[in-house]
Structures are given as C-alpha cells and as structure tokens.
Amino acid sequence: MLHKQETTQRKIFVGKAASPGYAIAKTKLIVRQRFTVSQLKIPKENTANQIEFFRRGVWQVKKEISNLRDLTLQMAGKDESKIFDSHLMILQDPSLIENVISLIRNEQWNASYAFHLCMQKLIDTFEKRDGIFKDRALDLKDIYNRMLLHLSSGENNFVLQEEIEEGVVLVGFSIGPNMLMHFDKEKVLGLAIDSGSTTSHVSILARSMQIPAVMGLGNLSESIHAGDLLILDGTNGIVIINPDENDISKYKKQIEVFQNQKLELSTMRELEPITMDGKYIRLNANIERYEEASEIISFGATGVGLYRSEFLYFGRDTLPTRSEQAEAYRKVTHQLEPLPVTIRTLDAGGDKMLSSVSMETESNPFMGWRSIRLCLDRKDIFREQLKALIEAGDRGNLKIMFPMISSVSEIERAKDIYDDCCAELKAEGLSIPKIEIGVMIEIPAAVMIIEEIAKMVDFLSIGTNDLIQFTLAVDRTNGKIAPMYEPHHPAVLRSIKLIVDAAHKEGIQVSICGEMASDPLSALLLVGLGVDEFSMVSWCIMECKKIIRSINYDEARAISYEALKFSDANSINNFLRKKYSQKIKRLGISSFIITQDFSSSDRALVRVDGQIERIGV
Amino acid sequence: MISCKLIVQNTLGIHVRPAGYIVNIASVAQSSVELVYSGQRINAKSILNLMMLVIEPGSEVEFLINGPDEQRVADELTELFNNKFYEDAS
C-alpha cells in the first residue's frame, strides 16, 4: 500500500494533457469512500440478475485494481505493486464469492448488502488480531470500499465529504462523468486524475465544460494532501505540487496569455467556417446533455453533429420514458431551429453500462453486445427511443444516426423498425416529419462495404475513435500500447478516403465526429480528404474555424493526397508538420490534443526520484 | 488422496503473501486441496480461509489433496514450505 508522505516539497508530475487551460488553486481530494449500503429483500426471480450484477462488480473492480497495480509497477516498482496481487486474490476468493452469492440466492439480499455482510465479518475478525494480521483489515477495507462503490450503483451515490466552498482543483484516482456533473461548475478550476486518458469520457466532458484537466498522473492522489497548493497545466499535461514563487509568476503570465487567446478566438464566433477559396465546412458541436444546446451557439457552432443520447439512460435504474426523451430531444431541436441536430441512438455497452438493462459481464465488451446490436435485440427500448425522436422532429432540423453499423442488414432492420414506428404514430394521428437517417462508420467491415451502405442512407458520420481502435486493433485505454493508437496511420486515412469518395458518389455528405476533428493537424488533413462536416467539443470550434479560414481547399487537398502515399504514420506526421507547423504556430493555436508531441522538442524531461521533472516551464 | 504434513518455517507464519503463494498453487490444481490446522479443515484455494487460520511460525499443517494431479501439487507445496515461502532467504 502506498503511504502518504508528510511533506510539502515542490514536486512535478507529468500526465496526459486532457483539457487545455491553467489553474493555480488548492487541492480538493476526491475520497472514494462515502456510499450508502441499502438493505433490500429482492424478489426471487431477480436474484439471478443480482448475482450477475455482483459478478460484474467483481470484474470491474478487478480491472480497476489491475490498472492500479500496473501504474504502481511503473511508478514505484515491483515490491510496491505486489500488494495489489493479494488484493486481486482476495477479491476473487472462491469462498468469499460463494458466500455472497449464497446470501443473494438464499436470503434474497441485494448484492451490496450481501457483500457488506460477508466483508464486515472478515474485517471485524482481522481487526481483533495483532500486528501483521491487523494490517490486513486495511486491505480488506480497500477492497470493500471499491466494491461497494460499484455495487451501490457506483458514482451516483458518491458524495464529497464536504461541499466545495472556494475554487479548487479536484484530485483523485478516478472520476466519472456523472460525478463531475454533481459539482458546482464555477468552483471546479481543474481536474488532476491518476487514471484515464485524453479520450476518457470525463476528459471529453472537461473540455466541453472548459475545465483544464490532466489525466493519467499515476499516483498523484497518493502524494498530495488536501489543501496543498498546486498548479495545473492542462495544455501541457503538467501538475506542480507546492509550486515556488517562480512557478507561480510564470504561470500567472501564462494564464494571462491564454485568456487573451480565448478572447481573440471569440471574435471568430460570427464568422463563417469557409476556406479562402470558398469551400464551406460545417463545424458542429458534440453534446451529451440538452443543457449544452444553449452553449454551443456562443462557440459559433453550425449545429449539433453528435448528440449522445445515452446520457439520458445513465445513472438511473429505470429506462427513460418516451415522453421524457421526446422532451429532452425537443429542447435541443427547438432551441437550435433551424440548425441541424444529429441525434445518435442509444450507444451503450462497451465501457458504458446501463443499470436499467441487464447486461452480462463480457470478456471483450468493446466488441460485444452494445449500440445498435443491443437496440436490434431490445426492440422495446429502440422503438421507444425512435418514437420519441419522431415526436421531437416536429420542429427544427432533426437527423437520426445509428451507431456501430457493421452490415447492410443492420441498416435494413433499423430502418424497418423506424418505418414501423412512423406508421404507428401516424395511425395515432401524428404528422410524420421528414427526418434524415444516417449511420456511423466506425467498424472496418463497414468501410469495406461502404459503397452499398452509402446507397441506403442520407448521410455518413465517421466515428474516428472506434474506427482507429478497430482498424489498428489497439485498445485506446491501454497505456502500454497507447502510442500505437495512431490517428494518422495510412490504414485509417485511406479508410476515410474510401468513405468520403463513396459518399460523394451518392451525393451525400460525410461528417467526422471523434477526437480527431478537434486536433488542428488532423482537421487540416481531413478537410483535404474532402470531409464536409466536423463535429467536436464546442470549445474547439472557434480554433478550427480560424484554421479553416486561413487555408485554400485546393492546397489542403493536394497535401492530403500526397500524405496518402506514405506507408507509415511517422512519415505522414513528419510530412504534415513540415507543411503545416509554421501556419499553426503563426495562427497562435495553443491546444494540441492528439499531436501533443508537436512541441516536445521544447520540452526537456528528466527523471528525478521516480518522478518526472520538467525543466524550464 | 495424498496427505502431506509440512512445517511452517518462515519467521512470520502464513500471512497474506505466503497464503497467496499457496493459493497460486492450489487454485490452478485440478485436485481438491484442503488444509487442516488446529482442528479446522478449510479449502486451500481460498486466501481468506488461509488468512483466517492465523497459522503461527513453527506449526505443522496437513494438506489433503485429492485428484489427478495430487502428486504434483504435493511436491510444489513441499517445495514452497521448504523454501520458507521465499521470505527468509538471505
């Protein structure tokens, strides 16, 4: 177990730059302990579900501890990481699991209470012992806390030990999107999180909320005390604990420059996203909640390119009703009328579980029962959502998009269900609006049959995060192979080219949603490949607009086509940098999400006592 | 079935790490592996069961191993105990 050191030394941590911006503030530790254990008798027919729910909790906590072990191994060494092997063994102890399951099955207790009973007994026994065995009670408590956090429906029951009173930087091992939304936006000045990456959901959310964030900081939360002053540099991925005066004055200047840049970019709001030679590139916003609709206008968005409807389903034990959904969708379509609003149908599963739908633990959830696959099986859920969408399409410019398409028949079946819903609503006396239907291309199989797909739909949208992950067979959340997650891999670029060409042949438009859209170099590359629309976190829009307004489409096209000829990502990156880096620097674009290493030559990194020290901030 | 009596020779007894080594061997075995200590008989594939027994240094434990790979399991456990759980080697 890692022990907190009683020290107020200056220390620098380097992580992943997840959301740009700076903060100088006090540390607020997120303590993941408070939860409520409810004691419930569950009906006999639901015990199987509860057992499954319990097993899923074990699986999730197992993943969590394994990650921690790997991080500890990297940061602190083998001896320190061994304790997590014991934790994993205890978590998966057959007698513990049997006892919990038998309490659920025979006593009909809910999973969290059954686990609570078993663990409390063990913890009590160990606490009564002496010396070395007494310490084991701490390990058991750690496992107990982690499990209960998942079983008591996870982050929703999470509460901070005390309310936030002043502006703080939140520091913790991990933080969920829902957790973040619970806090007072004005008082959260930044996030410094031990786990996660730039494409974690919470990073996406932090960027849309314009909260600077650094992820993947290893064991920061174990090395810091509540109330410690820290500097958070979300632009470069740096955290300085207990900074000296020198750091503070440098960063104060940095903050001023950043604010000015933001101000300058805001002049972009009223301008059109149009290249110097007159090609209009639609710049849409990604949103997750209807509340965000009002914000996107202030960022100069031309519409919503991706409304992640699954957020309506998260953090609750029942499914949202049709009228509840329709109301949420209407709030966006009506408010933004006449701007287009593309709503993606339920994209759950994978790393995004729903507590209202019974899901089994899958060994490979990203390739499992998720998204459109789930919807085509659970037609009851799908139909309610489609009807809600049709109802919400009465005004405004609504488009519907199906995710995770891998075959022609999936599109046929989804459209059949949609037509059926239209017919039913029509019979009820509703007038059916004309709604465009599109699909997301994020599976390589769909790329291979893109010509057929393009004939069946009104638009295509490329989900680059999944397309890259599946094309390259690289799990973007696995730190060990993260460098292999290469957006500019020729396989990815040529796939995009195929998609664009097929779409244009059928006279339909192609949009890009995914992290790639908000990276300046990638954006230039994609414009050149002929992509018609981008959808990105709203704060990136003005920056992207500034870039688009500074280029000639014909030149970008020539550069992108040249880039397609290279056979590896490195050469493509070097080529693009050679062509564009001067321009991007001249434009004063400061945020680099994917191509962070752009400025790595300016950075000198040395290792000091296992921590990474950066010289010359 | 094999009965295999072993002496705990390390200085701290069977705490979490030695228990982990035992589970590592027992849990991959096809045989059932049980441990008898001061009148209690427990499943040796469970680290919690092992830890709950608080097996003191110097004491004798008996493994009852039953199944197709019982001899191999007995050999591995004997080696583990004889090596004092790789702890006091210095």
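As a reminder, the structure under discussion sits directly above these lines.
Residues numbered from 1 in each chain as written. Chains lettered and ligands numbered in written order. Predicted model: local features only at pLDDT ≥ 70, side-chain atom pairs only at ≥ 80, totals over all residues. Heavy atoms only, no water.

Draft legend 1. Here's a closer look at the overall build of chain A. Summing up its helical and strand segments, chain A has 21 helices and 18 strands in all. Considering chain A as a whole, with its 617 residues, one finds that 57% of them fall into the buried category. A total accessible area of about 25700 Å² is found for chain A, and carbon and sulfur atoms account for 49% of it. (Helix = DSSP H or I, 4+ residues; strand = E, 2+ residues; numbered from the N terminus. Buried < 20%, exposed > 50% of the residue type's maximum accessible area, 1.4 Å probe, protein only. Areas by Shrake-Rupley, 256 points an atom, 1.4 Å probe, with all protein chains shown as cover.)

Draft legend 2. How the structure looks around the interface of chain B and chain A. The interface is formed by 17 residues belonging to chain B together with 17 residues belonging to chain A. Both faces combined, the contact of chain B with chain A buries some 1500 Å², and carbon together with sulfur accounts for 75% of it. A per-residue breakdown of the area chain B buries against chain A is headed by Leu48, Met51 and Met52 of chain B, which together make up 37% of the total. Summed over the shared surface of chain B and chain A, the result is zero salt bridges. At the junction of chain B and chain A, the tally comes to four residue pairs in polar contact (both at pLDDT 80 or more). (Contact = heavy atoms within 4.5 Å. Buried area = accessible area lost by both parts, 1.4 Å probe. Salt bridge = Lys/Arg side-chain N within 4 Å of Asp/Glu carboxyl O. Polar contact = N/O pair within 3.5 Å; in protein donor to acceptor, adjacent residues only side chain to side chain.)

Draft legend 3. The arrangement of the sheet that holds strand β10 (residues 304–308) of chain A in detail. All names here are of chain A. Read around the closed barrel, the eight strands follow the order β9-β10-β11-β12-β13-β14-β15-β16; overall the barrel is parallel. Strand-to-strand twist across the sheet, computed as the mean angle between neighbouring axes with direction ignored, equals 25°. Where strand β11 (residues 340–344) lies against strand β12 (residues 397–402), five bridges are found, and the strand directions are parallel. Each bridged residue has a counterpart across the sheet, and for Thr342 the counterpart in β12 is Lys399. Docked against the sheet, helix α16 (residues 464–472) engages β13 (436–441), β14 (459–463) and β15 (509–513), running at close to 60° with respect to β14. (Pairing = 2+ DSSP bridges. Axes fitted to C-alpha atoms, helices over the stretch in contact; angles between N-to-C directions.)

Draft legend 4. Highlighting the sheet that holds strand β3 (residues 40–43) of chain B. All names here are of chain B. Within the open sheet, the four strands sit side by side as β1-β4-β2-β3. Their pairing is antiparallel. The open sheet has two edge strands, β1 (2–7) and β3, and neither has a second partner. Adjacent strand axes in the sheet meet at a mean angle of 25° when their direction is disregarded. Bridging between β1 and strand β4 (residues 60–66) involves six bridges; their strand directions are antiparallel. Each bridged residue has a counterpart across the sheet, and for Ile2 the counterpart in β4 is Ile65.

Draft legend 5. A look at the environment of Asp247 of chain A. Residues and elements named next belong to chain A. Among the structural elements, Asp247 can be located in helix α8 (residues 245–265). Overall, Asp247 belongs to the buried group, its relative accessible area being 5%. In sequence terms Asp247 and Ile231 are 16 residues apart; their C-alpha atoms lie 8.2 Å from each other.

Draft legend 6. Focus on the pairing of strand β7 (residues 229–233) of chain A. Residue and element names in this part refer to chain A. For β7, the buried fraction is high: four of the five residues fall into the buried class. One ladder, built from five bridges, connects strand β3 (residues 22–29) with β7; its direction is antiparallel. Across the sheet, residue Ile24 finds its bridge partner in β7, namely Ile231. In the sheet, β7 pairs with strand β8 (residues 238–241) via four bridges, with the strands oriented antiparallel. Directly across from Leu232, in β8, lies its bridge partner Val239. Between β7 and the antiparallel strand that follows it, β8, lie four residues; Gly237 among them carries a positive phi value of about 75°.

Draft legend 7. Seen up close, the side chain of Lys279 of chain A. Residue and element names in this part refer to chain A. Within the secondary structure layout, Lys279 lies in the loop between α8 and β9 (282–287). Among buried charged residues, Lys279 stands out as having no salt bridge; its nearest opposite-charge side chain is Asp532, 4.0 Å away. When sequence neighbours within four positions are dropped, the list of residues in contact with Lys279 reads Pro273, Ile274, Gly530, Asp532 and Tyr553. (Lys, Arg positive; Asp, Glu negative; His and termini not counted.)

Draft legend 8. Just the packing of helix α12 (residues 379–392) of chain A against helix α13 (residues 408–427) of chain A, in detail. Residue and element names in this part refer to chain A. One way to put it is that α12 packs onto α13 with a least axis distance of 9 Å and a crossing angle of 60°. When the axis of α12 is compared with that of α13, the two are oblique. The way α12 lies across α13 gives a crossing that is right-handed. Contacts between α12 and α13 involve Lys379, Phe382, Arg383, Leu386, Lys387, Ile390 and Glu391 on the former and, on the latter, Ala414, Ile417, Tyr418, Asp420, Cys421, Cys422, Glu424 and Leu425. Here the contact of α12 with α13 is built from residues that sort into nine nonpolar, no polar and six charged. (Parallel < 35°, antiparallel > 145°, perpendicular 65-115°, else oblique. Left-handed = near helix turned anticlockwise from the far one by under 90°. Nonpolar A, V, L, I, M, F, W, Y, C, P; charged D, E, K, R; others polar.)

Draft legend 9. Layout of the packing of α16 of chain A against helix α17 (residues 490–505) of chain A. Residue and element names in this part refer to chain A. The N-to-C vectors of α16 and α17 enclose an angle of 125°; their axes lie 10 Å apart at closest approach. Comparing their axes, α17 and α16 come out oblique. Crossing geometry of α16 relative to α17 is assigned as right-handed. When α16 is examined against α17, the residues Leu467, Ile468, Thr471 and Leu472 are found in contact with a partner set consisting of Ala491, Val492, Ser495 and Ile499.

Draft legend 10. Quick look at the packing of aromatic side chains. Residues and elements named next belong to chain A. Applying the stated criterion to the full structure yields 10 aromatic pairs over all chains. Ring geometry for Tyr22 and Phe258: centres 5.6 Å apart, planes at 85°, overall edge-to-face. Residue Tyr22 is located in strand β3, and its partner Phe258 is located in helix α8; the two are separated by 236 residues in the primary sequence. Its relative accessible area of 15% is what places Phe258 among the buried residues. Measuring from centroid to centroid gives 6.1 Å for Phe54 and Phe115, while their planes differ by 45°, and the two rings are tilted. Remark: Phe115 occurs in helix α4 (residues 111–128) and Phe54 occurs in helix α1 (residues 47–75); sequence separation between them is 61 residues. Each member of the pair Phe54 and Phe115 is classed as buried. Positioned over the ring face of Trp109 is Lys41, at 4.2 Å from the centre of the ring. We note Lys279 situated over the ring of Tyr553; from NZ or CZ to the ring centre the distance is 4.7 Å. (Phe/Tyr/Trp six-rings, centres within 6.5 Å; stacked < 30°, edge-to-face > 60°. Lys NZ or Arg CZ within 6 Å of the ring centre and 35° of its normal.)

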